[in-house]
Amino acid sequence: MPSNSNPELRRARLLSRPTILAAGIALAVIVATGVFAEYQNRIVHYQSSQAKVSEQLGLVRAKLEGNINSNIQLIRGLVAVIATQPDMDQVRFANIARGLVGEHSQLRSIAGAPGMVISLMYPIEGNQQAIGLDYRKNENQREAAMRAVSSEQMVLAGPVNLLQGGQGFVGRFPVFVRDDTGSKALWGLVSAVVDVERLYTASGLLSADLPIRIAIRGKDATGGEGDIFFGDPQIFNDDPVISEVSMPSGSWQIAAIPAGGWSSTPENAWPIRFLILLAGLLVILPISIAGYLNDLRHTHMQELARRQRELQRLSERYQLALETSRIGVWELNLGTLELTWDSRMKELYGVSSDVGQVTLDTWRAAVHPEDRLPAKMAFDLAVKEHQTFHSNFRVITSEGVTKWIRSIGAVHTDLGGQRYIVGVNWDVSADIELNASLLAAKQSAEQRNKELEGARAQMERNSLHDSLTGLPNRRFLDKKLAGAKAGDTVTALLHIDLDRFKQINDTLGHAAGDAMLTHAASVLSSSVRAGDFVARIGGDEFIIAIASATSEAQLAALASRIIMKMREPVPYEGHECRFGVSIGIAMADPDKTHCGKRLLIDADIALYRAKSNGRNRHEFFNASLKAEIIRTKRVADDILNGLDRNEFIPYFQPQFDAKTLDIVGVEALVRWIHPSEGVLAPDAFLNTAGELNVVPQIDRAILEQTLWQSTRWKAAGLSIPKMSVNVSAGRLYDDDLIESLNGLAFDPGTLSFELLESIFLDDKNETIIANIARLKALGIDVEIDDFGTGYASIVSLLQVKPTRLKIDRQLIAPVVESQSQRNLVASIIDIGQSLGIKVVAEGIETMKHAAILRDIGCDTLQGYALARPMTSDQLMAFVRNESWRQVA
């Protein structure tokens, strides 16, 4: 193992704790010594700086103090002259003052104020404003002037701003004279202005070479308590050197610091630090080197001991692994062919442990005869190519036990150049047996997978094919239509439905039905071309999908052949079964991309047309059929919207007493007020409404509006004894019919429901019978409409007991020309009246019809000859005018 990969050896490059501790103590001593030396050096440097500043400050203070005192002395001389010559005039004053003001002094002007009023001035030029100033009256100067007088001492004020510009110090000297008696009397004041700029310049305060910064305080000679009037005020806060400038009447305090401020770092700081660092290195370096060498020796010893322990541990693990895995180790000297086996090798081959030396013959004798040559060839190839030897072979032990041995070896060369091959053997019999069983299991699983795949394919086929006929089913067709690709499209569909199949299935049983379906599948399959296919999509419905180019003529011929073949009788258990087919055909437009589902819908629509046109025929889906479907869809949408918008309203056709022609009632007839097509009669929409299952809703709307209109008629004073409304068959089958009528307001006997005779009435239809009974209980009369065209019988009339029956117009129209038809109608009237049922004749087209029906005993007349259907407003006008009587 390389030493740089061992963590302990890497740590050997670091100092041990004792060495680090010793070096740390030495470093701490050196650092403490350095800090102390640094501190002392800073103190010495600070004291030296203060001495230098103090020396410079002393020179400046001396010059400043000397200049101020010299100026004061000059003025004192003038004061002494004035004291001896109190009557001095301006000329004399100017001559003396001229000698005092000039380049040899800093005096700027001198003024004399005998009697405290300035009258003497030099120079006068520029100072005219001061002449005549009375110190006793001037508030700005009175205090200072009186202080000088009272103290009898010169008072120095300033610096002050001068009226003539600039600044100056003003010295005020009181002048006293003695009178004849020798007493001292005040003469006045002498004021002298010392120019600030000249004073500072003469004293060196403004010198550019001055190595210190100076500030002065004590304005008006007030000492350290006064205001700062020169320099930076911050100087007094920066630990300055301070001195006093003495004056006769007070003092100034002058402070100074170095021009660059106090330096915290001495100039010799870095040389001293370098010396300290060098001294520290001279102490620490030998200690560190000695400690490092000692630690390195100790670490090497620890690493050697660790490696010995690791080697011992690996050796023990190797031995344990060999013993537990029962792996035998062998070695062959390729030069001498000397073979060496350990004890586990002998155990594997069944060789006694007493055998000392084994040879290659020992190995050959143990190997199974069939495996000797392959094992030897693998061994020779590994030696020749200097590759890893790898082989599986069988051995037969001395006890006759056969084992599978796996042998692995590698060629290597020792330091002396001798080549060896060293390897291992172990028993893999269990692995070989396991592999054999796994292989057998794999083959068995593969076989089961093939069987399952076959079953899955069969299930898939079953899911796509009809179990009875073997034809593709609806799922197959849907996938075919949805997944059609270019070149494999469906060009046409024939939707085929068996006619009369239900009767055969119901009369002869399902087995007969299955036989018919099988026969139909056979006929259809034999009728199509290769590439087309037939599918059974429902009970008795089939689809032929045409996958190649075709024409309408070809499809018509195919449909005709199928219809002809399907008409042929099919024998079944002694019966000849006959059935036909209706076929709807839809062709794909070659110029448009078509949808398979759309094509199927089109074929279904065509089939519906074929069945509605008489069955046993074929019809093509075409533009007109499509337009009819679109129109039906539009009508359906309009009907639903019309219900929402209350577009369905009642028209009322009056009913007249046959003898008196009085109005005895009205029939409410539904009309649709279409927003674009105007007023539509029921034959324009009733079939579509029936398909939508909204006829009951229309009936309900007409009933409610009729009852509402009746309230208008009553309010208008019009008498309409009875209102008849039509009721669809669906409502009679509704268990909730009576409940839906609750809440309607009408007088019993004034409302009548008209039921079509085509509604099959017998004693088995309990719901209808019960609803009719309940209607009568509510006071609603029942009428039979269109009597003579349906299934109503005398028995049904006895069961229902209608209030009135209406003879259909088909029976009424011929009575004018046909005596037999007149007799038939008369018989119906007699039957009705004998059962207590009033008879209404509808379809009265002429007054001759009215007269004949009146004469044969009809009770009520209804028809265009008397009145057409009209709105409620028109009916009210019609009743008021009684215009029908004029016609009659």
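Residues numbered from 1 in each chain as written. Predicted model: local features only at pLDDT ≥ 70, side-chain atom pairs only at ≥ 80, totals over all residues. Heavy atoms only, no water.

> Lay out the overall build of the protein chain in plain terms, naming residues and giving numbers.
Within the protein chain, the regular secondary structure consists of 27 helices and 30 strands. For the protein chain, the C-alpha radius of gyration of 71 Å lies well beyond 29 Å, the compact-globule estimate for 888 residues. In terms of overall dimensions, the protein chain has a C-alpha envelope of 190 × 135 × 55 Å along the principal axes. Looking at the 888 residues of the protein chain, the share that counts as buried comes to 41%. (Helix = DSSP H or I, 4+ residues; strand = E, 2+ residues; numbered from the N terminus. Rg over C-alpha atoms; globule rule 2.2 N^0.38 Å. Buried < 20%, exposed > 50% of the residue type's maximum accessible area, 1.4 Å probe, protein only.)

> I'd like to hear about the sheet that holds strand β16 (residues 533-536), residue by residue, with values.
Whenever strands of a sheet pair, they do so through backbone hydrogen bonds, lying parallel or antiparallel. Spatially, the 5 strands line up as an open sheet ordered β16-β17-β15-β20-β21, and their pairing is mixed. The sheet terminates laterally at β16 and β21 (618-620), the two strands that pair on one side only. Averaged over neighbouring strand pairs, the angle between their axes works out to 20 degrees when direction is ignored. Where strand β15 (residues 492-499) meets strand β17 (residues 541-546), 6 bridges bridge the pair, whose relative direction is antiparallel. Of the residues in β17, the one forming a bridge with Ala492 is Ile546. Contacts between helix α11 (residues 474-482) and the sheet are confined to β15, β16 and β17, with β16 contributing the most and set at about 130 degrees to the helix. (Pairing = 2+ DSSP bridges. Axes fitted to C-alpha atoms, helices over the stretch in contact; angles between N-to-C directions. Contact = heavy atoms within 4.5 Å.)

> Quick rundown of helix α25 (residues 847-855)? Include the residues and the values.
Each turn of an α-helix holds 3.6 residues, which means side chains three or four residues apart point in the same direction. Along α25, the residues that are buried comprise His849, Ala850, Ile852 and Leu853. Close packing links the buried residues of α25 with α23 (809-812), α24 (819-834), β29 (838-842) and β30 (860-862). Of the residues flanking the end of α25, it is Gly857, one or two places downstream, whose phi is positive at about 100 degrees.

> Explain the confidence of the model for the protein chain residue by residue, including any values.
Summing up the model confidence of the protein chain, the mean pLDDT is 85 and the portion of residues at 70 or higher is 93%. Within the protein chain, no element has a lower average pLDDT than helix α1 (residues 7-11), which sits at 49, and none a higher one than strand β22 (residues 648-657), at 96. (pLDDT = per-residue confidence, 0-100.)

> An account of the sheet that holds strand β3 (residues 155-161) is needed here, citing residue identities and associated values.
As summarised here, the arrangement of the 5 strands in space is β2-β1-β5-β4-β3, forming an open sheet in which the pairing is antiparallel. Only two strands of the sheet have a single partner each, and these edge strands are β2 (120-122) and β3. Averaged over neighbouring strand pairs, the angle between their axes works out to 20 degrees when direction is ignored. Across 5 bridges, β3 lies against strand β4 (residues 167-178) in antiparallel orientation. Bridging across to β4, Ala157 finds its partner in Val170. Strands β1 (107-114) and β2 of the sheet are contacted by helix α3 (residues 90-100), whose axis makes an angle of about 35 degrees with β2. Contacts between helix α4 (residues 139-151) and the sheet are confined to β3, β4 and β5 (184-195), with β4 contributing the most and set at about 40 degrees to the helix.

> Before we move on, can you summarise the environment of Glu754 with the specific residues and values?
By the secondary structure assignment, Glu754 is in strand β26 (residues 751-756). A relative accessible area of 1% places Glu754 in the buried class. Sequence separation between Glu754 and Ile543 is 211 residues; the distance between their C-alpha atoms is 45 Å. Ignoring anything within four residues of it in the chain, the contact list for Glu754 reads Gln655, Glu667, Ser724, Val725, Asn726, Val727, Glu783, Asp785 and Lys806.

> Go over the pattern of salt bridges with me, naming the residues and quoting the values.
Applying the stated rule across the entire model yields 41 salt bridges. For Lys806, the salt bridge is made with Glu754, and the minimal N-O distance between the two is 3.1 Å. With Lys806 in strand β28 (residues 804-807) and Glu754 in strand β26, this pair connects stretches of sequence that are 52 residues apart. Pair check on accessibility: Lys806 and Glu754 agree, each one buried. Beyond isolated ion pairs, a larger network of salt bridges with shared partners links Asp497, Asp499, Lys611 and Arg615. (Salt bridge = Lys/Arg side-chain N within 4 Å of Asp/Glu carboxyl O.)

> Give me the pairing of β16: which residues, what numbers.
The alternating pattern of β16 places Phe533 and Ala535 and Val534 and Arg536 on opposite faces, both of which are buried. Linking two consecutive strands that pair antiparallel, namely β16 and β17, is a turn of 4 residues.

> For the packing of aromatic side chains, give the residues involved together with the corresponding values.
How two aromatic rings sit relative to each other is given by the distance of their centres and the angle of their planes. All chains considered together, the criterion is met by 16 aromatic pairs. Ring plane angle 80 degrees and centroid distance 5.5 Å describe the contact between Phe476 and Phe533, whose orientation is recorded as edge-to-face. Here Phe533 lies in strand β16 and Phe476 lies in helix α11, a separation of 57 residues in the sequence. Among the residues examined, Phe533 registers a relative accessible area of 13% and is labelled buried. Ring centres 5.0 Å apart and planes at 80 degrees place the aromatic pair Phe652 and Trp713 in the edge-to-face group. Taken together, the positions of Phe652 in strand β22 and Trp713 in helix α18 (residues 695-715) put the pair 61 residues apart, joining distant regions of the chain. (Phe/Tyr/Trp six-rings, centres within 6.5 Å; stacked < 30°, edge-to-face > 60°.)

> Which residues make up the side chain of Asn71, and what values do they have?
Topologically, Asn71 is positioned in helix α2 (residues 17-84). Every residue in contact with Asn71, bar those within four places of it in the chain, is listed here: Ser105, Gln106, Leu107 and Val194.

> Quick rundown of a nonpolar patch on the surface? Include the residues and the values.
A cluster of nonpolar side chains, Phe274, Leu275, Leu278 and Leu282, forms an exposed patch at the surface whose accessible area comes to about 440 Å². Along the chain, Phe274 falls in helix α6 (residues 269-325). (Patch = residues over 30% accessible without salt bridge, like charges linked within 9 Å, V, L, I, M, F, W, Y side chains within 5 Å. Areas by Shrake-Rupley, 256 points an atom, 1.4 Å probe, with all protein chains shown as cover.)

> I'd like a description of the environment of Ser612, backed by residues and values.
Tracing the backbone through its elements, the reader meets Ser612 in helix α15 (residues 596-612). Among the polar contacts listed, one links the side chain of Ser612 to the backbone oxygen of Arg609, at a separation of 2.8 Å. (Polar contact = N/O pair within 3.5 Å; in protein donor to acceptor, adjacent residues only side chain to side chain.)

> Please give an account of the nonpolar core that cites residues and values.
Side chains that are nonpolar tend, in soluble globular proteins, to be buried together. Core analysis: the largest hydrophobic core is formed by 72 residues, its most contacted members being Ile698, Trp713, Phe753, Leu805, Ile807 and Leu861. If you tally residues by element for this core, the top one is α18, at 6 residues. With residues up to four places along the chain from it excluded, the contact list for Ile698 reads Leu643, Phe648, Val670, Phe685 and Ala689. Judged by nonpolar contacts, the second largest core, of 54 residues, contains Leu64, Leu107, Trp187 and Ala255. (Core = buried A, V, L, I, M, F, W, Y, C linked by side-chain atoms within 4.5 Å.)

> Provide a residue-level description of the packing of α18 against helix α26 (residues 872-881), including the pertinent values.
Where α18 meets α26, the axes come as close as 11 Å, and the angle between the chain directions of the two elements is 35 degrees. Seen from above, α18 lies across α26 with right-handed handedness. Contacts between α18 and α26 involve Gln709, Arg712 and Trp713 from the first element and Ser872, Asp873, Leu875 and Met876 from the second. Taken together, the residues of the contact of α18 with α26 sort by class into 3 nonpolar, 2 polar and 2 charged. (Left-handed = near helix turned anticlockwise from the far one by under 90°. Nonpolar A, V, L, I, M, F, W, Y, C, P; charged D, E, K, R; others polar.)

> Can you explain the pairing of β22? Please cite residues and give values.
Counting buried residues along β22, 8 of its 10 residues qualify, which places the element largely inside the surrounding structure. Two strands pair when backbone bridges link them, and β22 and strand β23 (residues 663-674) are joined in this way by 9 bridges, in the antiparallel orientation. Residue pairing across strands places Phe648 opposite Trp672, the latter belonging to β23. Between β22 and the antiparallel strand that follows it, β23, lie 5 residues; Leu661 among them carries a positive phi value of about 60 degrees.

> How would you sum up unusual backbone geometry? Please name residues and give values.
Of the consecutive residues Tyr122 and Pro123, the connecting peptide bond is found in the cis state with omega at -15 degrees. Within the fold, Pro123 resides in the loop between β2 and α4. One non-glycine residue, Asp239, adopts positive backbone phi at about 50 degrees. Positionally, Asp239 belongs in the loop between β7 (228-230) and β8 (241-247). With a phi angle near 50 degrees, Glu573 is a residue other than glycine that sits in the positive phi range. Along the chain, the position of Glu573 falls in the loop between β18 (570-572) and β19 (575-577).

> Describe in detail the packing of helix α13 (residues 510-527) against helix α14 (residues 552-567), supporting the description with residues and values.
Axis separation between α13 and α14 bottoms out at 10 Å; the angle between their running directions is 150 degrees. Accordingly, the angle class assigned to the pair α13 and α14 is roughly antiparallel. Judged by the twist between their axes, the crossing of α13 over α14 is right-handed. Along the contact surface, α13 presents Ala520, Val523, Leu524, Ser526 and Ser527, while α14 presents Leu558, Arg561, Ile562, Lys565 and Met566. Looking at the contact of α13 with α14 residue by residue, the classes come out as 6 nonpolar, 2 polar and 2 charged. (Parallel < 35°, antiparallel > 145°, perpendicular 65-115°, else oblique.)

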